[in-house]
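# An overview of the molecular structure
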Amino acid sequence: MASYDVIVIGGGPGGYVAAIRAAQLKKKTAVVERDKAGGRCLNYACIPAKTVLNTAEIYAEVTENGAELGLKSQTSIDWPAVQARREKVSKTLEDGVTMLWKKNKIDFLAGEASLEGAGKVKVGSDSHEAKTIILATGSVAMSIPGIDFSDRVLDTWGAWSLPKMPKALVVAGAGASGSEIASAYARMGVKVTLVEMLDQLLPAEDRDMARVVERQFKKDGIELLLGTKVEGVKETKTGVTVTAGDKQIKADHLLIAGGRSPDTDALRLEAAGVETEEGGRIKVDDFMLTSANGIYAIGDLVRGPALAHKAAEEGVVAAEHGTGTPTHPVDLSLVAGATFCHPQVAGVGMTEEEAKASGREYKVGKFKLGGAGASVVYDDRAGLVKIIGDPEYGEILGAHIVGNRACDMISELVVTKALEGGYQELARIVHPHPTMSEAVLDAARAVEGWPIHA
Ligand SMILES: Cc1cc2nc3c(=O)[nH]c(=O)nc-3n(C[C@H](O)[C@H](O)[C@H](O)COP(=O)(O)OP(=O)(O)OC[C@H]3O[C@@H](n4cnc5c(N)ncnc54)[C@H](O)[C@@H]3O)c2cc1C
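Rules of the game
Residues numbered from 1 in each chain as written. Predicted model: local features only at pLDDT ≥ 70, side-chain atom pairs only at ≥ 80, totals over all residues. Pairing = 2+ DSSP bridges. Helix = DSSP H or I, 4+ residues; strand = E, 2+ residues; numbered from the N terminus. Axes fitted to C-alpha atoms, helices over the stretch in contact; angles between N-to-C directions. Domains from an automatic or database assignment. Contact = placed C-beta atoms within 7 Å. Nonpolar A, V, L, I, M, F, W, Y, C, P; charged D, E, K, R; others polar. Expected span 1.5 Å × (residues − 1). Buried ≥ 20, exposed ≤ 12 C-beta atoms within 10 Å, placed from the backbone. Core = buried A, V, L, I, M, F, W, Y, C linked by C-beta atoms within 7 Å. Near = placed C-beta within 6 Å.

What follows is about the sheet that holds strand 21 (residues 384-389). Taken together, the five strands give an open sheet; going across it, the order is 18-19-22-21-20, and neighbouring strands pair in antiparallel fashion. Either end of the sheet is taken by a strand with one partner, and the two such strands are strand 18 (337-339) and strand 20 (363-368). The sheet shows a mean angle of 5° between the axes of neighbouring strands, direction not considered. As defined by bridge partners, strand 20 adjoins strand 21 across six bridges and the pair is classed as antiparallel. Its bridge partner lying in strand 21, Phe-367 is registered against Val-385.

Split by domain assignment, the protein chain resolves into domain 1 (2-139 + 261-332), domain 2 (153-258) and domain 3 (343-447). The distance between the C-alpha centroids of domain 1 and domain 2 comes to 27 Å. Contact with domain 1, which involves 13 residues of that partner, is made by 10 residues of domain 2. Looking at the side of domain 1 that touches domain 2, the elements that each hand over two or more residues are helix 3 (46-69) and helix 4 (79-103). Per element, the largest residue contribution to the side of domain 1 that touches domain 2 is seven residues, and it comes from helix 3. By residue class, the composition of the side of domain 1 that touches domain 2 is 11 nonpolar, one polar and one charged.

A few words now on helix 1 (residues 13-24). In a regular helix each residue adds 1.5 Å, so 12 residues correspond to 16 Å; helix 1 covers 17 Å between its end C-alpha atoms and thus fits that length. The buried fraction of helix 1 amounts to 11 of the 12 residues, a majority that puts the element mostly inside the structure. On its buried side, helix 1 packs onto strand 1 (2-9), strand 2 (29-33), helix 2 (39-44), helix 4, strand 6 (126-135) and helix 8 (308-322).

With 135 residues, the main nonpolar core has Ile-134, Leu-135, Val-171 and Ile-298 as its most contacted residues. Contact partners of Ile-298, with chain neighbours within four places excluded, come to Gly-14, Ala-18, Ile-134, Ala-136, Met-288, Ala-311, Glu-314, Gly-315 and Ala-318.

Below, the discussion takes up the site of the ligand. As a structural note, the neighbourhood of the ligand is formed by 37 residues, with Gly-10, Gly-12, Gly-39, Gly-138 and Gly-299 the closest of them. Elements supplying a minimum of two residues to the shell around the ligand: helix 1, strand 2, helix 2, helix 3 and helix 8. For the shell around the ligand, the per-class residue count stands at 17 nonpolar, 13 polar and seven charged.

Right, let's talk about the environment of Arg-207 for a bit. Within the fold, Arg-207 resides in helix 7 (residues 207-219). Arg-207 gets classed as partly exposed once you count the C-beta atoms within 10 Å, which come to 14. Residues Arg-207 and Ala-186, 21 residues apart in the sequence, show an inter-C-alpha distance of 22 Å. Contacts of Arg-207, omitting those with residues within four sequence positions, involve Gln-200 and Glu-353.

For the rest of this paragraph, the subject is the sheet that holds strand 15 (residues 253-256). The strand order 8-15-9-10-11 describes an open sheet built from five strands, whose pairing is parallel. A strand with exactly one partner marks an edge of an open sheet, and here the two such strands are strand 8 (153-154) and strand 11 (223-225). Relative to strand 15, strand 9 (residues 168-172) is paired through four bridges, and the arrangement is parallel. The residue bridging Leu-169 from the neighbouring strand is His-253, located in strand 15.

A few words now on unusual backbone geometry. That bond from His-342 to Pro-343 is cis: its omega, 0°, falls within 30 degrees of zero. When you line up the elements, Pro-343 lands in the loop between strand 18 and strand 19 (344-349). Here the amide bond leading from His-433 into Pro-434 is cis, since omega sits at -5°, within 30 degrees of zero. Along the chain, the position of Pro-434 falls in the loop between helix 12 (423-426) and helix 13 (438-447). Phi at Asp-379 takes a positive value of approximately 50°, unusual for a residue other than glycine. If you trace the backbone, Asp-379 turns up in the loop between helix 10 (373-377) and strand 21. Within the chain, Glu-420 stands out as a residue other than glycine whose phi angle is a positive 60°. Summarising the element assignment, Glu-420 is placed in the loop between helix 11 (406-418) and helix 12.

Below, the structure is given as structure tokens:
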């Protein structure tokens with residue numbers, strides 16, 4: 001039996017960061033992982049998705065715009081090489097995490113962990129003690145009721161790791177993951193049907209953003225079935241026939257990008273008195289402390305958006321609070337969403353629909369990316385920056401961007417909002433030229449009606 005100050009269970013973006021922070025605070029720390037360092041994000045989710053999306057982006061750029069850009073080439077997709085790069089990128093990042101654990105003198109306990117009462121963790125047949133335990137075991141894919149995953153009916157990991165380039169796909173669910181899958185495959189020439197139960201593509205996003213993406217998806221040949229449910233699927237040896245509304249769609253695979261549920265099966269939460277809430281998520285307070293003394297939970301296991309950067313920051317807070325170090329809670333209203341389809345969508349704070357529903361006064365500034373000089377250089381003209389502001393104090397209530405670099409561009413709006421800057425201040429901050437961030441500057445001016453380039 002070994003004794004630690006902190007044991008972290010799960011080595012994903014929440015867990016690996018929590019372990020490093022605890023070790024920085026001079027605590028004897030171990031991290032337990034039953035699979036790979038970096039967790040699902042690095043090995044099966046965010047990173048594999050972004051790696052294949054990057055290839056799709058470059059392929060579409062060269063094949064669709066090559067002549068315009070002055071590039072002559074005969075480009076085709078080498079699918080085994082795309083998959084080999086995906087594996088290589090994940091492996092590089094996995095090794096990077098292992099190296100950081102070593103550098104910080106964190107013990108890596110390989111195996112599946114469960115709780116054995118207060119302050120005790122079992123890994124395989126070994127028992128360990130810890131003053132603080134941080135649960136960071138993430139989430140698993142859920143299917144649609146009545147449909148089971150199989151070789152033909154795949155979850156998001158199945159979608160990004162297909163052994164063969166498909167000809168046709170049906171994607172169920174047009175949230176972030178489903179839209180990324182649909183966008184990447186359509187841009188690599190696959191016939192894609194994207195089915196969404198609700199009446200909006202990317203249902204959680206501001207409607208203006210979703211409209212821009214919808215236009216591009218149609219241009220990319222994606223058949224979009226909104227307000228439509230996937231009702232059933234028939235599998236054959238060579239593919240599937242999917243029933244969606246009144247349509248029967250034949251494809252190589254059905255990909256289900258629905259919800260995810262917390263991965264708590266192996267943990268034996270009841271052994272330590274850790275309570276759960278709606279959806280099986282673990283109940284936590286603002287400092288990520290569960291109902292059990294000394295046990296914390298973070299990331300996809302708990303309330304709030306299932307995002308890697310949110311998990312990581314919660315890891316910092318749990319490690320600090322669990323070691324008696326002053327800290328402050330994660331402000332969930334400042335966690336930006338980021339979807340890497342083409343074009344990208346990113347947002348922080350309220351959508352206009354939410355601002356309207358709240359009944360409060362608000363003002364909107366919109367600026368089309370096409371007004372920024374850089375958008376012509378980088379052929380990034382179709383998008384939009386939208387800022388929703390409070391007319392009395394100038395607070396940024398929400399900010400949304402759709403465009404090829406939206407997920408990078410959103411950070412300055414997160415920072416401005418976090419530091420309690422308003423749209424008036426942002427409107428007076430000099431932005432470098434020629435960059436897409438100049439569109440943010442003009443959107444801030446647009447809230448008060450004076451965008452220069454519109
Ligand atoms: C396809 C896809 C794309 C995504 N893209 C993005 C993106 O672009 N940006 C973003 O911010 N988020 C993205 N996400 C969400 C992101 O992956 C999650 O929010 C993030 O991985 C959560 O991190 P985590 O640390 O809570 O858990 P995870 O990354 O799920 O890691 C949990 C780890 O715990 C281990 N584990 C589980 N149980 C045990 C046990 N009992 N003992 C030992 N180990 C255990 C697992 O093996 C796993 O390695 C994406 C999700 C999906 C599905």
